[in-house]
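Here is what each chain is made of, one letter per residue.
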Amino acid sequence: MVPFDVFFANLPYLLRGALVTLQIGAIGVVGGTLAGFALGVAGAMAGRAVRALVAVYVFIVRGVPILVWMFMGYFGLPLLGARLGGFLAVNIVLVAYTAAFVCEIVRGAILAVPRGQIEAARSLGMTGGGILRLVILPQAVRESLPPLVNNSVMIVKQSAYVSIVGVWELSYAAREVVERTMAPFSIFIGVMFLYFLICYPIAMSAQCLEKRYARGHAQKE
Amino acid sequence: MSMIRVRQLEKRFGATHVLKGIDFEVAAGEVLVVIGPSGSGKSTMLRCLNFIEEYDSGEVWIDGTPLGYRKDGNGVPKRQNEREIARMRTRVGMVFQSFNLFPHRTVLQNLMMAPLHVKGEPKDEVRARSLELLDKVGLGAFAGSYPSRLSGGQQQRVAIARALAMRPQVMLFDEVTSALDPELVGEVLGTMKQLAEAGMTMIIVTHEMAFAREVGDRIMFMDAGRIVEHGRPEELFDHPRTERLSQFLLRSRR
């Protein structure tokens, strides 16, 4: 039997770590999704030059492991003259990294809106901004909700990577506790549970959102 | 004066010369039916009339106003800006083969979107008019439904009502029954006939020959990017003057 009393004895400390994870996750999800959304719209709708820039950004960001980006952010941003603490640096990395993935989700969803939708809107006298806001985005958002939520869960889990450059959060706290107590199994089982507590509601919120936005899509043609 | 005037319309897709100089006019209240084999350019021609397809040269006039290009001081045609084109499009309703209703909006919202957003008309007025239009196409009961709940024929009638909600001067129909199950074709054609009888100026691209003869004031037969024959339904259907039209009619009868 695993002695869980070690875990419960250290629970307050781990909960503080979980709070930081929640904080980093929230910044990553909100910041990354917003930035990625803007990138995705630009990547699908803007002129050729902007579209190319977006494609290059996505290619570079996705082509390198997040672990490497964490080092790059932590050591590289200060080299560029940015005086920011580790916490800010890793959050910037997480947001920028997430944005690339969100961008591709949103861009794909926009491009998946049938051409006929845009033609119909134009035939009714609608133009660029109105078509985007009233016709394309509502459909693209609905289409991209499931992968976006899935992505949000990923971000929370990826937030553990910030510990590699010494930013303290749940996984960092867990290793500290393990080193103190020499009870890795019970501690990490408990930490698993804490991560689950954060991720599960996000996944659940997806289902609610999907139901809300499923209006008009009860049956596919 | 003609409601629609088309002069020397030309369109190429890369190396393919799709429209090789199309000329015709449609008077107010007249119904022109365009027939022809697939690939003859009839759909492309229709889509040029509201500049959804940008033609390369020629002129399109709607009720005396050019659509697409405007001649500058030296008589050189300049593409109109998006605003001008959009404003002209509000005068030309279009119905598509694939309905293209907005799936995230209810039937009523589909009708109301453009009058509210494009024309900025008062909401109550638009709602009343839209409901009336839905009644007219026999779908008043579906105002609050989403398009996916409707049959193809019902969706297409909503699409007609949506175009009419903008109070266009002209209606274009691009093979609007081709995607429908045979038993649903009749209800859509019925709605179009009703519209024709009410005096709407219409151009209809269709493969429904019986309907063309019944509703068309004039028939235009296109082949390979040109108008081959153009005249009254009796003339074209009963006395085709060209081999190409007689062949086409023979094949369509099967």
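Residues numbered from 1 in each chain as written. Chains lettered and ligands numbered in written order. Predicted model: local features only at pLDDT ≥ 70, side-chain atom pairs only at ≥ 80, totals over all residues. Heavy atoms only, no water.

Visitor: So what's going on with the interface of chain B and chain A? Residues and values would help.
Guide: Think of interface size as the accessible area that goes away when the parts come together; that is how it is often given. Opposite the 28 residues of chain B that make contact, chain A presents 23 residues. For the pair chain B and chain A, the number of links is 1 salt bridge. Across the pair Arg 47 of chain B and Glu 119 of chain A runs a salt bridge whose closest N-O atoms are separated by 2.7 Å. Considered class by class, the residues forming the side of chain B that touches chain A number 15 nonpolar, 7 polar and 6 charged. (Contact = heavy atoms within 4.5 Å. Salt bridge = Lys/Arg side-chain N within 4 Å of Asp/Glu carboxyl O. Nonpolar A, V, L, I, M, F, W, Y, C, P; charged D, E, K, R; others polar.)

Visitor: Before we move on, could you go through the pairing of strand 10 (residues 201-205) of chain B and cite the residues and values that matter?
Guide: All names here are of chain B. Counting buried positions along strand 10 yields 5 of 5 residues, so the element is predominantly enclosed. Where burial is concerned, the two faces of strand 10 agree: the one with Thr 201, Ile 203 and Val 205 and the one with Met 202 and Ile 204 are both buried. Across 4 bridges, the pairing between strand 3 (residues 31-35) and strand 10 is parallel. Residue Val 31 lies in a different strand from strand 10, and its bridge partner there is Met 202. In terms of strand pairing, strand 9 (residues 170-174) meets strand 10 through 5 bridges, oriented parallel. By the bridge assignment, Met 171 is partnered in strand 10 with Met 202. For the crossover that starts at strand 9, traverses helix 6 (residues 182-197) and ends in the parallel strand 10, the hand is right-handed. (Buried < 20%, exposed > 50% of the residue type's maximum accessible area, 1.4 Å probe, protein only. Helix = DSSP H or I, 4+ residues; strand = E, 2+ residues; numbered from the N terminus. Pairing = 2+ DSSP bridges. Right-handed = clockwise from strand over helix to strand, strands pointing away.)

Visitor: Give me the lowdown on helix 4 (residues 123-136) of chain B, citing residues and values where you can.
Guide: Residues three or four positions apart in an α-helix share a direction because the helix packs 3.6 residues into each turn. Residue and element names in this part refer to chain B. With 14 residues, helix 4 should reach 20 Å at 1.5 Å per residue; the first-to-last C-alpha distance of 20 Å fits that figure. Within the span of helix 4, buried status applies to Val 126, Arg 129, Ser 130, Leu 133 and Leu 134. One side of helix 4 holds all its buried residues, which, seen down the axis, span an arc of 140°. Opposite its buried face, helix 4 presents the exposed residues Asp 124, Glu 132 and Asp 135, each directed more than 90 degrees away. Elements in contact with the buried residues of helix 4: helix 3 (107-117) and helix 5 (152-164). (Expected span 1.5 Å × (residues − 1). Arc of directions from axis to C-beta.)

Visitor: I'd love a proper account of the sheet that holds strand 9 of chain B, names of residues and values included.
Guide: All names here are of chain B. Pairing is mixed across the open sheet formed by 6 strands, whose spatial order is 8-9-10-3-11-12. Two strands bound the open sheet, and with one partner strand each, they are strand 8 (92-95) and strand 12 (226-231). Taking each pair of neighbouring strands and ignoring which way they run, the sheet shows an average axis angle of 20°. (Axes fitted to C-alpha atoms, helices over the stretch in contact; angles between N-to-C directions.)

Visitor: Explain the pattern of salt bridges residue by residue, including any values.
Guide: One pass over the structure, following the stated rule, counts 21 salt bridges over all chains. Between Lys 42 of chain B and Glu 175 of chain B there is a salt bridge, with the nearest N and O atoms lying 3.8 Å from each other. Taken as a pair, Lys 42 of chain B in helix 1 (residues 42-48) and Glu 175 of chain B in the loop between strand 9 and helix 6 lie far apart in primary sequence, 133 residues in all. Residue classification places Lys 42 of chain B among the buried residues on the basis of a relative accessible area of 3%. In this structure Glu 175 of chain B comes out as buried when scored by relative accessible area, which is 12%. If you follow the salt bridges from partner to partner, you end up with Glu 119 of chain A together with Arg 47 and Glu 53 of chain B in one network.

Visitor: Before we move on, can you summarise the packing of aromatic side chains with the specific residues and values?
Guide: Considering all chains together, one arrives at 10 aromatic pairs over all chains under this definition. Measuring from ring centre to ring centre gives 5.3 Å for Phe 7 of chain A and Phe 8 of chain A, while their planes differ by 65°; the resulting arrangement is edge-to-face. Look at Phe 196 of chain A and Tyr 200 of chain A: their rings are 5.2 Å apart centre to centre, the planes differ by 25°, and that puts the pair in the stacked class. Of this pair, Phe 196 of chain A and Tyr 200 of chain A both sit in helix 9 (residues 184-213), 4 residues apart, which is roughly one turn of the helix. An aromatic cluster of at least three residues, connected via ring pairs, comprises Phe 71, Tyr 74 and Phe 75 of chain A. For Arg 162 of chain B, the ring lying beneath its charged end belongs to Phe 102 of chain B, and the centroid distance is 4.5 Å. (Phe/Tyr/Trp six-rings, centres within 6.5 Å; stacked < 30°, edge-to-face > 60°. Lys NZ or Arg CZ within 6 Å of the ring centre and 35° of its normal.)

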